[in-house]
Amino acid sequence: MFCSKCGSPIEEGARFCTACGAPVEDVQPAPAQQEAVQQPVQPEPVQPEPVQQPVQQPVQPEMAQQTAPVQQADPKQKAPSNINFKKIAIIAGSAVGAIVLLLLLFCLIIPKLTYKKENAILFKSDDKLYYLKDVNKPQNAMEIDRLSFDDYVPNNAFTEDGKYIYFFTDYDNENDTSTLCRVKVSKLKKNRSNKQYIEEVAKDVRYFQFVKDDVFYLDDNGKLVMEKKGKSITVAKEVADFCVSEDDNTVYYYTGQSGSESADAEIGYIDSSAGKKVVIEDDIDNVYTLTASGMFIFRKNFEEDEETGRKTFDLYIANKKQAKKLAENVSDIIDYNAKTGVVYYDYYTRDLTHYSDYISFPDGLDELKEPTKADAFVEVSEADVLDEVFDESIDDEKKTEFYDDLDYDEELGYYYTDSWWYDYEFYYDDASKKWYKVDDDKLTELWDNYNDNESMAYTAENYKEMEYAVDKYKVCLAGFENDETVLCDSVNHVMGDAESGILIYNDVPDEWDKINYASLGDATAGDKILEIYSNSQLYYQIADGEPQEFEADADTVFVEAVDGDKVAISTYKDDEKEFYYAEISGDKFSRFELLEDDYESIGGTFKSGNLYYIRFDEEDEGTLYKYNGASSEEVLSDVDGTVAVTKQEEYVYSSKGDLELYNKDGQKKDEIRDVDDYIYIKRDKILYKSDDELYLYKNAKKQRMISSDVDDFVSYARQYGLTDIDDYLY
């Protein structure tokens, strides 16, 4: 139904238009009127609950006005409003609540927005320790305490919530320990002594680490202590080392002396939230490694064969959930993947044999004697001797006297003339009545030959007593999810990279199994063995795939960097060095491309699918290249320092005290001179030290000095990985 005056819709039973107030001509039937009039006096159960009366009361007058007789209504009177006051009250209440909530959020969030923990630093200046909440406001630095000359600012300084600072004092140079202290940041005040707020945590501490806001430290007695909410709890004793897990609140440790062959150690972990210690395994000979992902590699039952010198052990792997024996009688670990829990290891057989089993020796070496003058004798006549000695004719008496005066050489068994004024010595054999002189050329030749044979004889004598070991390796992998898998057998010189799954090795040449393959008359045994070894074929194998011939001519191979199926490899042979880019497809290299050769040294890293590497042609002159999978482009030249690749793939280059900033195209943006150390927090914010003065570079401007005479500084941003730098090259 619609109003005849203004056309507005009218509810059923209404007497007046709610829009213009005009009376409604089409009056409703009497029964409906009577029912509407009686509605306000309904029985008690229909009435609203008492607590709702203030909300329902405005409805009753509205109902009364609508049901009043038409004659009492003034046509000029404005019709009462049809507004729902109940909804208004609810909306108003919600709005007030929202405002209160916004104010609360404002009070909680705004302080956090205005204070970024990444801007906090701790530095030592003039043997005083200072805390600066915001590097943008250097005037607000607060002195914590005076340190001794030997005290240093540790790498770990801030708790994760930024509320506490931990630091060392009273460094003991003899024991390499310090006193661990802490201070609550909120108590520090500017321009006043804050020494009173320092709490001494422990003495004789080696080092400490944070687990969120709890602190674990190791003291000089090997006690591992957890500092939690002001309470010190010893969680393990005789600890050799510990580390904090990357992804949870777990602290892993092992006891005993690191590197000992029979340390009788245990491995375990501490749940910092509960303060509970769990021993994973004990009676361990030695812990090979402990990773931040919480993986232990350790050994048991270490043995050494006295005859062969072969060392073997049982290999284990463990994490907080399980410990597993991987293999028995293992020789060594090649590599491991801390994330997947896969370990590459090998067995080897050492065949001990005498060199004489492999080398043939010339005949007669055992009877070899030094040459004598007699071996180079040439017969001459008596007349030639007398003519040479006397240079004139002589009578029989003088001749008899000459023979009587001859000297006798007992070693040679010959008489001889001894005179310095004639050219030759002459030797006389009384038995044969013959004279001889020495052929000097022949004697020299004999001595040369003797020296050669004498050296050969000496070598032969030693080789006959020497043992040569032929090592043949069998390489395997195993892990938490893998049983032992043999990757390759009967190889030597194994190089492995567990992250990429690549094994590179030489085969054992067939010549190892041949007898008398070398002769001392042709080459020395050592040279021949090296020749055979260097000519052995090089193979590669990816995971447990089939062996493939390695395309490069090399003796030694290193996997420099890995990014999924992309690999950078450097090879060496003699003085020749080569650098390759490879791609893996299945169990083979689908690409194997030579990028660089004939260099001094090289190395690289992958970033966003690109390979960045620095080639050095001399010890301190290098060039940074970027290889995108298709071509290499030079990014920076004359590199002789550290290059950092940022998250935006821009470059920060520090060399010879200068800090240079480049965009991703290698174009220089800015340069800061005389930089000793720096922290690249963000693209427009760099904290750096120059000539023992600490500065803040911001928005391409060199801000005023933060402090002078700075020995060391620590940044919250660096400590918790909040900087924009991901990778460093050299």
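Our structure is the block above this text.
Read on for an overview of the structure.

About the cut-offs
Residues numbered from 1 in each chain as written. Predicted model: local features only at pLDDT ≥ 70, side-chain atom pairs only at ≥ 80, totals over all residues. Heavy atoms only, no water. Helix = DSSP H or I, 4+ residues; strand = E, 2+ residues; numbered from the N terminus. Buried < 20%, exposed > 50% of the residue type's maximum accessible area, 1.4 Å probe, protein only. Contact = heavy atoms within 4.5 Å. Areas by Shrake-Rupley, 256 points an atom, 1.4 Å probe, with all protein chains shown as cover. Pairing = 2+ DSSP bridges. Arc of directions from axis to C-beta. Patch = residues over 30% accessible without salt bridge, like charges linked within 9 Å, V, L, I, M, F, W, Y side chains within 5 Å. Salt bridge = Lys/Arg side-chain N within 4 Å of Asp/Glu carboxyl O. Lys, Arg positive; Asp, Glu negative; His and termini not counted. Charge placed at Lys NZ, Arg CZ, Asp CG, Glu CD. Phe/Tyr/Trp six-rings, centres within 6.5 Å; stacked < 30°, edge-to-face > 60°. Lys NZ or Arg CZ within 6 Å of the ring centre and 35° of its normal. Axes fitted to C-alpha atoms, helices over the stretch in contact; angles between N-to-C directions. Parallel < 35°, antiparallel > 145°, perpendicular 65-115°, else oblique. Nonpolar A, V, L, I, M, F, W, Y, C, P; charged D, E, K, R; others polar. Core = buried A, V, L, I, M, F, W, Y, C linked by side-chain atoms within 4.5 Å. Disulfide = S-S within 2.5 Å.

### With respect to the overall build of the protein
Secondary structure summary: the protein contains nine helices and 49 strands in total. Going through the 730 residues of the protein one by one, you find that 42% of them count as buried. Within the protein, contacts between residues at least 6 apart in sequence are counted, and of these 43% link residues at least 24 apart. Carbon and sulfur atoms form 44% of the exposed surface of the protein, whose accessible area is close to 40,900 Å².

### Here's the deal with the pairing of strand β33 (residues 566-573)
For β33, a buried count of six out of eight residues is recorded, marking the element as mostly surrounded by other parts of the structure. Pairing between strand β32 (residues 556-563) and β33: seven bridges, direction antiparallel. Paired with Phe 558 across the bridge in β33 is Ser 570. Linkage of β32 to β33, two consecutive antiparallel strands, is achieved through a turn of two residues, within which Gly 564 is found at a positive phi near 65 degrees.

### Focus on helix α5 (residues 382-390)
Those residues of α5 lying buried are Val 385, Leu 386 and Val 389. For α5, the arc enclosing every buried residue in end-on projection is 95 degrees, short of the 170-degree limit, so these residues lie on one face. Buried residues along α5 sit in contact with β21 (377-380), α6 (396-404), β24 (426-429) and β25 (434-438).

### A look at a negative patch on the surface
A grouping of Asp 395, Asp 396, Glu 397, Glu 401, Asp 404, Asp 405, Asp 407 and Asp 418 is seen on the molecular surface, where their side chains present a negatively charged patch. Sort the elements by how many residues they give to the negative patch and α6 lands first, with four residues. The exposure class of Asp 407 is partly exposed, given its relative accessible area of 33%.

### Overview of the pattern of salt bridges
Counted by the stated rule, this structure contains 22 salt bridges. A salt bridge links Lys 398 to Glu 392; the shortest N-O distance between them is 3.9 Å. Across the pair Asp 565 and Lys 566 runs a salt bridge whose closest N-O atoms are separated by 3.8 Å. Salt bridges sharing common partners tie together Glu 583, Arg 591 and Glu 593.

### Section: the packing of aromatic side chains
Enumeration over the complete set of coordinates arrives at 40 aromatic pairs. A ring pair is formed by Phe 390 and Phe 402, whose centres lie 5.4 Å apart and whose planes are at 70 degrees; its orientation type is edge-to-face. In this pair, Phe 390 is assigned in helix α5 and Phe 402 in helix α6, connecting sequence segments twelve residues apart. Its relative accessible area of 10% is what places Phe 402 among the buried residues. Linked through ring pairs, Phe 377, Tyr 414, Tyr 416, Tyr 427 and Tyr 436 together constitute an aromatic cluster. Over the aromatic face of Tyr 316 sits the side chain of Lys 300, whose NZ or CZ is 5.4 Å from the ring centroid.

### Some points on the pairing of strand β46 (residues 693-698)
The pairing of strand β45 (residues 685-690) with β46 spans six bridges and is antiparallel. What sits directly across from Tyr 688, in β46, is Tyr 695. Here β45 folds back onto β46 in antiparallel fashion, the turn holding two residues, of which Asp 691 has a positive phi close to 50 degrees.

### Brief notes about the packing of α5 against α6
Interhelical geometry of α5 versus α6 gives an angle of 90 degrees and a closest axis separation of 13 Å. The orientation of α5 relative to α6 falls into the category roughly perpendicular. When α5 is examined against α6, the residues Glu 382, Val 385, Leu 386, Val 389 and Phe 390 are found in contact with a partner set consisting of Lys 398, Lys 399, Phe 402 and Tyr 403. Here the residues of the contact of α5 with α6 are counted per class, giving six nonpolar, no polar and three charged.

### Remarks on the side chain of Lys 607
Assignment of secondary structure puts Lys 607 in strand β36 (residues 601-607). The class for Lys 607 is buried, based on a relative accessible area of 10%. Each residue touching Lys 607, except ones within four places of it in the same chain, is listed here: Tyr 612, Val 645, Thr 646, Lys 647, Glu 649, Asp 726 and Asp 727.

### Quick word on the sheet that holds strand β13 (residues 276-284)
Taking strand neighbours across the sheet as the criterion, the four strands line up as β10-β11-β12-β13 in an open arrangement whose pairing is antiparallel. Since the sheet does not close on itself, it has two edges, and those belong to β10 (239-244) and β13, each with one partner. With strand direction ignored, the average angle separating the axes of adjacent strands in the sheet is 15 degrees. Looking at chain direction, β10 and strand β11 (residues 250-255) are connected through five bridges and run antiparallel. Within the sheet, the bridge partner assigned to Asp 241 lies in β11 and is Tyr 254.

### Brief notes about the environment of Leu 290
Along the chain, Leu 290 turns up in strand β14 (residues 286-290). Along the backbone, Leu 290 and Cys 243 are 47 residues apart, and their C-alpha atoms lie at a distance of 7.6 Å. If sequence neighbours within four positions are ignored, Leu 290 has contacts with Phe 242, Cys 243, Tyr 252, Tyr 253, Tyr 254, Met 295 and Phe 296.

### Comments concerning the sheet that holds strand β37 (residues 610-618)
Read from one edge to the other, the open sheet built from four strands follows the order β36-β37-β38-β39, with strand pairing classed as antiparallel. A strand with exactly one partner marks an edge of an open sheet, and here the two such strands are β36 and β39 (632-639). On average, adjacent strands in this sheet sit at an angle of 20 degrees to one another, irrespective of strand direction. The pairing of strand β38 (residues 621-627) with β39 spans five bridges and is classified as antiparallel. Bridging across to β39, Tyr 627 finds its partner in Ser 632.

### Digging into the environment of Val 562
Looking at the element boundaries, Val 562 is found in strand β32. Using a relative accessible area of 18% as the deciding quantity, one classes Val 562 as buried. Residues Val 562 and Gly 604 lie 42 residues apart in sequence; the distance between their C-alpha atoms is 9.7 Å. Val 562 has contacts with Asp 497, Glu 499, Ser 500 and Phe 606, leaving out every residue within four places of it along the chain.

### Digging into the nonpolar core
The tendency in soluble globular proteins is for nonpolar side chains to be buried as a group. Counting residues in each nonpolar core, the largest one holds 19 residues, and the members touching the most others are Leu 122, Leu 129, Tyr 131, Ile 144, Phe 158, Ile 165 and Phe 167. Of all the elements in the fold, those that place two or more residues in this core are β2 (128-132), β3 (142-146), β4 (164-172) and β5 (177-184). Core analysis: the second largest hydrophobic core is formed by 17 residues, Ile 504, Leu 538, Ala 582 and Phe 589 among them.

### A look at the state of the cysteines
Counted by the stated rule, this structure contains zero disulfides. Take Cys 488: it sits in no disulfide, and the sulfur closest to it among the cysteines is that of Cys 476, at 8.2 Å.

### Structural notes on unusual backbone geometry
For Asp 126, which is not glycine, the phi torsion reads 55 degrees and is therefore positive. The topology assignment puts Asp 126 in the loop between β1 (121-125) and β2.

### Some details on the environment of Tyr 416
Within the secondary structure, Tyr 416 sits in strand β23 (residues 414-416). Separated by ten residues in the primary sequence, Tyr 416 and Phe 426 have C-alpha atoms spaced 5.5 Å apart. Leaving out residues up to four positions away in the same chain, Tyr 416 has contacts with Leu 406, Asp 407, Tyr 408, Asp 409, Phe 426 and Tyr 427.

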